[in-house]
Every structure is written in structure tokens, then in C-alpha cells.
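# Per-entry structural report
Read off the chains here:
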Amino acid sequence: MLAGKGPGRVRDEVQLGEGLEQSTLRMTMRRLTDSGGVMLTIEDVTQQRTAEASRHDFVSQATHELRTPLTNIRLYVETAQTDGEEDKELRGECLNVISRESQRLERLVSEMLSVSEIEAGSMTIRKDDVRLDQLFKSLEQDYKQNASKKNIDLRFDLPPKLPAIQGDRDKLAIVVQNLLGNAIKYTPEGGNVNVGVDLSATELNIEVRDSGIGISEEDQAHVFEKFYRANDPRLGDITGSGLGLALAYEIIRLHGGEMTVESELNEGSMFRVTLPISAEGV
Ligand code: ADP
């Protein structure tokens with residue numbers, strides 16, 4: 001190019017490093033007509049490329065996740081219309097599946113919307129007064145039935161007095177719903193699920209502990225990633241999108257808190273949420 005030959009502008013991207021350390025540099029060379037020199041610009045476009053790749057992944061995963069419930073709905077509608085004409089009981093069963101699958105779609109779409117809000121950086125956290133005693137009471141009522149259907153002993157171990165904290169009431173409820181829902185979902189019949197709350201002057205700790213199937217160390221490193229589901233045959237036909245924990249993790253992070261997991265295969269899991277309750281915290 002310095003010799004004045006070939007195109008006046010050349011652009012290329014190079015990748016440096018491996019895995020998480022990998023970065024992408026865009027090099028542009030431009031001949032400067034006045035001085036006869038060449039200008040080389042090096043830009044770090046790692047962030048852009050990562051965002052594009054994750055958007056692409058999101059769309060293909062989302063399409064895949066939406067397809068299963070939609071296919072089920074179509075199949076069961078067909079059955080209800082044909083064999084269900086004569087058989088009332090069968091038609092009832094079909095309608096149950098259709099209703100369950102539509103609820104699954106609804107949940108999936110709202111989780112996807114929240115995750116894309118997070119990705120776009122547009123998720124806002126309201127500052128409501130959150131009455132923790134009310135929050136846990138309504139959660140207990142909502143999940144009691146689910147637990148007893150599986151003969152799971154669900155217990156809440158709460159301090160006698162719970163304060164109101166500042167935070168987003170609906171989003172904090174989503175977090176605990178996800179943790180509690182998972183604990184019941186991934187615990188076989190007859191197990192235990194415990195919700196413990198612990199308060200200090202500066203922190204609120206919520207622990208959701210179960211005696212379920214557990215999460216291998218390898219999977220623990222990924223469960224907070226979106227669409228991640230453990231690579232574990234014991235999940236069997238337990239359905240899920242792999243979005244709940246990613247969403248919960250981000251909501252807690254946006255509240256200035258942390259979420260961690262400890263687990264032992266076949267022994268159970270414990271998810272812990274720590275929220276700051278100082279004036280400037282939550
Ligand atoms: P899902 O919709 O699949 O439940 P989540 O994001 O809530 O998605 O969880 C991600 C994955 O983490 C699950 O698919 C499961 O493999 C694992 N997991 C989450 N909670 C538990 C738990 N309490 N016990 C065992 N595995 C769990």
C-alpha cells in the first residue's frame with residue numbers, strides 16, 4: 001500500500017487469545033493521498049461482536065423453545081377435533097394439555113421479554129416499599145399446593161419481625177418464585193424444601209434449600225446463564241426454559257445484591273440471595 005499499489009483501503013479482523021480472554025481487533029489501513037503515507041486504525045470491537053453473537057444465539061434458542069409448546073398445542077387441538085368429538089374424557093384431557101402449554105408459552109414469552117430488557121440495559125428497578133412478611137406469606141400460599149402434590153415438606157423459617165425494604169416488589173417476587181418453583185420442581189416426591197430468611201443491620205439473606213437432585217459442579221458454573229439447563233438425564237421430562245435463574249440473577253444484581261448456589265449431587269441444592277439494606281443499597 002505504501003508503494004501506491006492495490007486498493008486504497010483494506011479492512012480485516014483478527015482474533016487474539018482464547019475463550020473468555022478472546023478479543024477481536026478490527027484493523028483498517030487507508031492510503032493518504034496527500035502525504036503518500038498510510039494510516040492504520042486498530043479498533044477493539046470485542047464488545048460488539050460478543051453482543052451480536054449473543055443476540056443470534058438468543059433468537060435461535062428462543063425459536064427452539066417456542067416450537068415445542070406450539071407443536072403440542074397443534075397436535076392436541078387436532079386430537080380434540082377428531083377423536084375428541086366422540087370421547088368427552090379425551091377432549092377434556094386435550095384441553096388440559098392445551099391450557100398447560102399456553103401457560104408455558106405465556107411464561108416463556110414474558111421471561112424472554114425481561115431477558116431482552118436486561119440485555120438492552122432498559123430494565124428498570126422500582127423503589128417500592130416491599131413488605132417482606134406479606135411477600136413470603138403469599139408465596140407460601142401459592143406454593144403450598146404444588147409442594148403437597150409431590151408430598152414435599154415446604155417450610156418457611158422466618159424471623160418474627162420482618163422489615164419493609166426498598167426494592168421492586170414484582171421483580172423480587174419473581175426471584176423468590178423462581179427459586180422456590182425450581183426447588184419443588186427438582187426435588188423428588190417426599191423431599192424437603194426450606195426457605196430461610198436472615199437479617200443483619202446491613203444485609204438481608206434469603207436461602208432456598210432443597211433435598212432434590214442437586215447440580216454437578218460443572219453445571220453450577222453455568223446455571224445463571226440464559227437458556228442453560230443442566231446436562232443431566234435425571235431432568236427427564238421436567239420442562240423448563242433455562243431463563244428463570246438468569247433473570248433472577250440479573251434482578252438481584254440490579255438491586256445491588258448477589259446470588260450464589262451451593263449443591264451436592266443427589267443431596268440437594270441451596271440458592272442464597274444477599275441484598276444490601278443500607279440507605280443507599282436497595
Ligand atoms: P429451568 O426453566 O430449566 O428450570 P432455570 O434458569 O430456572 O431454568 O434453571 C436452570 C437450570 O438449573 C435448570 O434447568 C436445572 O438444570 C438447574 N437447577 C435450577 N434449580 C435447581 C434445583 N433447585 N435443583 C437442581 N437443579 C436446579
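Calculation notes
- Residues numbered from 1 in each chain as written.
- Predicted model: local features only at pLDDT ≥ 70, side-chain atom pairs only at ≥ 80, totals over all residues.
- Heavy atoms only, no water.
- Helix = DSSP H or I, 4+ residues; strand = E, 2+ residues; numbered from the N terminus.
- Rg over C-alpha atoms; globule rule 2.2 N^0.38 Å.
- Buried < 20%, exposed > 50% of the residue type's maximum accessible area, 1.4 Å probe, protein only.
- Contact = heavy atoms within 4.5 Å.
- Areas by Shrake-Rupley, 256 points an atom, 1.4 Å probe, with all protein chains shown as cover.
- Lys, Arg positive; Asp, Glu negative; His and termini not counted.
- Charge placed at Lys NZ, Arg CZ, Asp CG, Glu CD.
- Patch = residues over 30% accessible without salt bridge, like charges linked within 9 Å, V, L, I, M, F, W, Y side chains within 5 Å.
- Salt bridge = Lys/Arg side-chain N within 4 Å of Asp/Glu carboxyl O.
- Domains from an automatic or database assignment.
- Core = buried A, V, L, I, M, F, W, Y, C linked by side-chain atoms within 4.5 Å.
- Axes fitted to C-alpha atoms, helices over the stretch in contact; angles between N-to-C directions.
- Parallel < 35°, antiparallel > 145°, perpendicular 65-115°, else oblique.
- Left-handed = near helix turned anticlockwise from the far one by under 90°.

Now for the overall build of the protein. A count of helices and strands for the protein gives six helices and 10 strands. In terms of overall size, the protein is more extended than a compact globule, its C-alpha atoms giving a radius of gyration of 25 Å where 282 residues would be expected to give roughly 19 Å. In terms of its C-alpha atoms, the protein occupies a principal-axis envelope of roughly 80 × 65 × 35 Å. Counting only residues that meet the buried cut, the protein has 36% of its 282 residues in that class. For the protein, the proportion of contacts with a sequence separation of at least 24, taken over those separated by at least 6, is 61%. Per element, the accessible surface of the protein, about 17,300 Å² overall, is 48% carbon and sulfur. Computed over 33 positive and 48 negative side-chain charges, the separation of the two mean positions in the protein equals 5 Å.

This next bit is on a negative patch on the surface. On the surface, a cluster of negative charge is made up of D83, E85, E86, D87, E89 and E93. The residue E85 is located in the loop between α1 (46-81) and α2 (88-119) in this model. By relative accessible area, E85 is classed as exposed at 56%.

Another aspect to go through is the domain arrangement of the protein. According to the domain assignment, the protein consists of domain 1 (9-44), domain 2 (52-120) and domain 3 (128-276). Placing the centre of domain 1 and that of domain 2 at their C-alpha centroids yields a distance of 46 Å.

The biggest cluster of nonpolar side chains holds 48 residues, and the ones touching the most others in it are F136, V175, L179, L180, M259 and V273. A domain-level breakdown of this core finds at least three residues from each of domain 2 (52-120) and domain 3 (128-276). Setting aside chain neighbours within four positions, we find V175 in contact with A248, I251, I252, M259 and V273.

Moving on, we come to the packing of α1 against α2. Between α1 and α2, whose axes approach to 8 Å, the crossing angle comes to 165 degrees. The pairing of α1 with α2 is recorded here as roughly antiparallel in orientation. For the pair α1 and α2, the sense of crossing is left-handed.

Moving on: the pattern of salt bridges. Under the defined criterion, the tally for this structure stands at 14 salt bridges. Notably, a salt bridge pairs E43 with R26, separated by 3.3 Å at the nearest N-O pair. Taken together, the positions of E43 in strand β3 (residues 38-44) and R26 in strand β2 (residues 23-31) put the pair 17 residues apart, joining distant regions of the chain. With a closest N to O distance of 3.5 Å, D168 and K171 form a salt bridge. Exposure remark for D168: the relative accessible area of 2% places this residue in the buried category. The exposure class assigned to K171 is buried, which follows from its relative accessible area of 17%.

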